[in-house]
Amino acid sequence: MVSGKGVVGISVKAPDAGLLLISPLKISGAYNSWLSCFLGYDRPPVDRSESYPDLFMTLYKPSRRNFLLTTLGLTAAHMGRSAPSAPLTVGQVIDRIKANVGIPWREQTVDNLIAGSLEQPVTGIATTMMATLDALKRASAGGMNLIITHEPTFFTHQDRTEPFLQDPIYQHKRDFIAKQGISVFHFHDHWHGRRPDGIATGMIRELGWEQYADPQQPKLFTFPETTLARLAQGIESKLKIRTMRVLGDPNMPVRRVLASWGNVGLMHGIPYVEQADVIILGETHEWELVEYIQDANAAGRKKALIILGHLVSEQAGMKYCAEWLKGFIQEVPIGFVAAAEPFWRPDQPVR
């Protein structure tokens, strides 16, 4: 066996006929020496590496015992090699999500594959609150070709594309997704339906409110007494919100807070008013719940409303989703891509 620059490959003949080594892979001198000992030469091999620097042959004659040991060793080594595993597919990721989310999968749901194919091999997974074109570009640039989004990709809750087929913005986004080989999975209903709610879990963790949560009613929080202004300032700082809005007396004492992440309509919102001093939400109609809270204050009932913006009010829930996925998917990288807050203040323009 030649030590130094060379190639390794082994062709075994009958024990009395000699052993021919042809090396197709360059290895170190140390490894060559080890292999020489393993093969058990009866005499030193002939070094032909100078004559054949990239392809050399060494002929020697092993004993019958060493031939058998060598053959068994090589066979065991070959059998010990595991076959290359098949790549993880989009369909397999979705199946694992269904198996781990902890609730039965609904027949009627918006949680579907919106773009791509179930058979597509996955190179990386990105979770995001909203699959905006900007978020898709950043995920794709990072090598992620499966996007798991909480909100729609194509502008309606059901991701219906029929109204937009001739729209240039829709076409641009659709074509980008196809060109980059991206698959998009909408994960809304079951992430909320999970117990505890995946979005709420992420938001509570991001705010550091675990100790204040009501174990019987996860939307409710009880704080040491503070003011509305201080509560709002703390939320703004932790979530890094640019355009949060607050309704109510800044000096109003606050202890009980109810958080309903995302959209809250009037009929859901009115019972919340009875349970807490402040309601925190993502968005609502100004002519419904906002007006109701204004009238409550005008009637002498001190109530407040903090409007975060829909995207910001659920963003950390999809950050947590990336962590959750890592618990049962290890084959590919998984990361969180934050969707950019859409609004900015005139006195603090976005650069």
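Predicted, not measured: the structure shown is a model, and the values here were computed from it.

Chemist: Tell me what's going on with the nonpolar core, and back it up with residues and numbers.
Modeler: Membership of the largest hydrophobic core comes to 53 residues, with the highest contact counts inside it found for I125, I235, V278, I280, I306 and L325. Counting residues per element, this core draws most heavily on helix α11 (residues 310-325), at nine residues. Excluding residues within four positions of it along the chain, I125 makes contact with V93, M144, L146, I148, L325, I329, V332, P333, I334 and G335. Judged by nonpolar contacts, the second largest core, of 15 residues, contains A126, A135, V184 and V337.

Chemist: Any chance you could break down helix α10 (residues 286-298) for me, citing the residues and the numbers?
Modeler: Helical geometry: 3.6 residues make up each α-helical turn, so side chains three or four residues apart lie on a common side. Where α10 is concerned, the buried positions are L289, V290, I293 and A296. In this fold, the buried residues of α10 make contact with β9 (245-247), α9 (266-275), β11 (278-283) and β12 (304-307). Phi for G300, located one or two positions after α10, is positive at around 95°.

Chemist: Explain the packing of aromatic side chains to me, and be specific about the residues and the numbers.
Modeler: What the rule picks out here adds up to 13 aromatic pairs. On the basis of an interplanar angle of 75° and a centroid distance of 4.9 Å, the ring pair of W209 and F223 is categorised as edge-to-face. Pair noted here: W209 is in the loop between α7 (198-207) and β8 (220-227) and F223 is in strand β8, with a separation of 14 residues, a long-range link. An aromatic cluster is built from F185, F187, W191, Y320, W324 and F328, whose rings are joined through pairwise contacts.

Chemist: Residue-level account of the pairing of strand β7 (residues 183-186), with values.
Modeler: Covered by surrounding structure in β7 are S183 and F185 together with V184 and H186, the residues of both alternating faces. Summarising the sheet, strand β4 (residues 113-115) and β7 pair through two bridges and their orientation is antiparallel. Counterpart to A115 in the pairing with β7 is V184. Once the chain exits strand β6 (residues 146-151) it traverses helix α5 (residues 168-180) before rejoining the sheet at β7, and the crossover so formed is right-handed.

Thresholds, definitions, all that
- Residues numbered from 1 in each chain as written.
- Predicted model: local features only at pLDDT ≥ 70, side-chain atom pairs only at ≥ 80, totals over all residues.
- Heavy atoms only, no water.
- Core = buried A, V, L, I, M, F, W, Y, C linked by side-chain atoms within 4.5 Å.
- Buried < 20%, exposed > 50% of the residue type's maximum accessible area, 1.4 Å probe, protein only.
- Helix = DSSP H or I, 4+ residues; strand = E, 2+ residues; numbered from the N terminus.
- Contact = heavy atoms within 4.5 Å.
- Phe/Tyr/Trp six-rings, centres within 6.5 Å; stacked < 30°, edge-to-face > 60°.
- Pairing = 2+ DSSP bridges.
- Right-handed = clockwise from strand over helix to strand, strands pointing away.

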